[in-house]
Amino acid sequence: MDLDLTDKVVLVTGGSKGIGAAIVREFIAEGANVVNVNRSTEQGEALQAEYAKQGKQCLFVQGDLSQTDACQRAVKFALKQFGRIDVLVNNAGVNDGVTLEDGPVAFNESLQRNLVHYYSMLHFALDALKTSQGAVINIGSKVATTGQGGTSGYAAAKGGINGLTREWAVDLAPYSIRVNTVLPAETWTPLYAELMDQAEDSTAAKQSVEQLIPLQQRFTTAQEIANTVVFLASSRSSHTTGQIIYVDGGYTHLDRKCTSSSSSIDLTR
Ligand code: NAP
């Protein structure tokens, strides 16, 4: 299927690792040019060099997106390099465990890390996206729907992203800009692997999560998230906007009887 993404300019936040890196790779495989913003430099520069050798553009911009000027710099850089932006992928975020007990300062900081830059990136890229009649894809989290406990800031941020997806889809429909959110639940990334490795029995810890996932009792791959993101960015989804799409193997919505721990109980009686 031709996704018609050749030579499109895609601005990705947090594209050096995990889900973001899979998104970057998928856009480049589709022939797009990428600008990738992260705090740390090592992986971003390595990606840039890897693709430069192949004559492909995956330009790295260093910046902490919780600082508004980093958002503005990233957009300016993309426009300076390519003169246009066709797709904005708001992906960077961290489940930082800011609790009710941590207080308003920590809560505000969590919103800066997880929500405010989604707004800022779109604010600064807006004129360019109007010109290109582009697409915005946000990466959310199941926490916005299910809660998790012990993570008020992140839950509020991800809930805010769902709200803004609808709000921005309405705002931007007159400009033919589409806005959608892809929502992971349990996606296997190097960071997730590190987390599991901290458990006394990392294999058991991994299995305990896997058994909660109805479809095939396995983690979603970052590639599966990226596939959906690229499709939503493409002209193949030209009449899809304001949607919150769960790529989660049924984790968030399907009946608990689908999970292996309870499937032995006969619930039909
Ligand atoms: P990850 O592996 O930690 O990658 C996050 C990326 O974002 C990194 O490249 C990080 O690079 C960058 N980043 C984070 N904060 C940043 C900031 N303030 N400024 C600039 N760059 C920043 O995380 P992930 O698991 O792929 O998560 C990606 C998205 O998916 C997040 O929005 C997350 O909430 C969502 N999500 C993931 C899962 C999951 O199971 N993995 C589940 C639900 C939702 P630097 O550290 O170098 O800045």
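Figured I'd write up the structure that's included with this text. Because the structure is a prediction, the values reported are computed rather than measured.

Take the overall build of the chain next. Broken down by element type, the chain carries 10 helices and nine strands. Its C-alpha radius of gyration of 19 Å places the chain within 12% of the 18 Å reference for a compact globule of 269 residues. C-alpha extents for the chain along the principal axes are approximately 60 × 45 × 40 Å. Burial analysis of the chain (269 residues in total) assigns 48% to the buried set. Looking at the chain alone, contacts between residues at least 24 apart form 71% of all its contacts between residues at least 6 apart.

Looking now at the side chain of Ser120. Relative to the helices and strands, Ser120 is located in helix H4 (residues 104-132). For Ser120, a relative accessible area of 6% puts it in the buried group. The contacts of Ser120, once residues within four sequence positions are left out, are Thr68 and Cys71.

Looking at the secondary structure, you find Lys158 in helix H6 (residues 152-172). Asp96 provides the closest opposite charge to the buried, unpaired Lys158, separated from it by 10 Å. From its side chain, Lys158 meets the backbone oxygen of Ile139 in a polar contact 3.0 Å long. When near neighbours in sequence (up to four residues on either side) are disregarded, Lys158 contacts Tyr118, Ile139, Gly140, Ser141 and Ala144.

With that settled, consider the packing of aromatic side chains. In this description, an aromatic ring pair is defined by two values, namely the gap between the centres and the angle between the planes. All told, the structure shown has three aromatic pairs when counted by the stated rule. Ring geometry for Trp188 and Phe219: centres 4.8 Å apart, planes at 65°, overall edge-to-face. With Trp188 in strand S7 (residues 187-188) and Phe219 in the loop between helix H8 (202-210) and strand S8 (220-221), this residue pair connects regions lying 31 residues apart in the sequence. Look at Trp188 and you get partly exposed, because its relative accessible area is 30%. Given the relative accessible area of 6%, Phe219 is considered buried. Put simply, the rings of Trp188, Tyr192 and Phe219 pair up and form one aromatic cluster. In this structure, Lys130 packs its charged tip against the face of Tyr175, placed 4.3 Å from the ring centre. Across from the ring centre of Trp188, 4.5 Å away, lies the NZ or CZ of Lys206, which sits over that ring.

Glancing now at the pairing of strand S4 (residues 87-90). Covered by surrounding structure in S4 are Val87 and Val89 together with Leu88 and Asn90, the residues of both alternating faces. With three bridges connecting them, strand S1 (residues 9-13) and S4 associate as parallel partners. The partner of Val10 across the bridge, within S4, is Val87. Summarising the sheet, S4 and strand S5 (residues 135-139) pair through four bridges and their orientation is parallel. Bridge pairing links Val87 to Ala135 in S5.

If you walk across this open sheet you meet the seven strands as S3-S2-S1-S4-S5-S6-S9, and the pairing is parallel. Looking at strand neighbours, the two that pair on one side only are strand S3 (58-62) and strand S9 (244-246), the edges of this open sheet. Strand after strand, the sheet turns through a mean of 20° between neighbouring axes, direction not considered. In this sheet, strand S6 (residues 178-183) lies alongside S5 in parallel orientation, the contact comprising five bridges. Paired with Val136 across the bridge in S6 is Val179. Running over the sheet, helix H1 (residues 18-29) touches S1, strand S2 (33-38), S3, S4 and S5 and is turned about 170° from S1.

Conventions used here
Residues numbered from 1 in each chain as written. Predicted model: local features only at pLDDT ≥ 70, side-chain atom pairs only at ≥ 80, totals over all residues. Heavy atoms only, no water. Helix = DSSP H or I, 4+ residues; strand = E, 2+ residues; numbered from the N terminus. Rg over C-alpha atoms; globule rule 2.2 N^0.38 Å. Buried < 20%, exposed > 50% of the residue type's maximum accessible area, 1.4 Å probe, protein only. Contact = heavy atoms within 4.5 Å. Lys, Arg positive; Asp, Glu negative; His and termini not counted. Salt bridge = Lys/Arg side-chain N within 4 Å of Asp/Glu carboxyl O. Polar contact = N/O pair within 3.5 Å; in protein donor to acceptor, adjacent residues only side chain to side chain. Phe/Tyr/Trp six-rings, centres within 6.5 Å; stacked < 30°, edge-to-face > 60°. Lys NZ or Arg CZ within 6 Å of the ring centre and 35° of its normal. Pairing = 2+ DSSP bridges. Axes fitted to C-alpha atoms, helices over the stretch in contact; angles between N-to-C directions.

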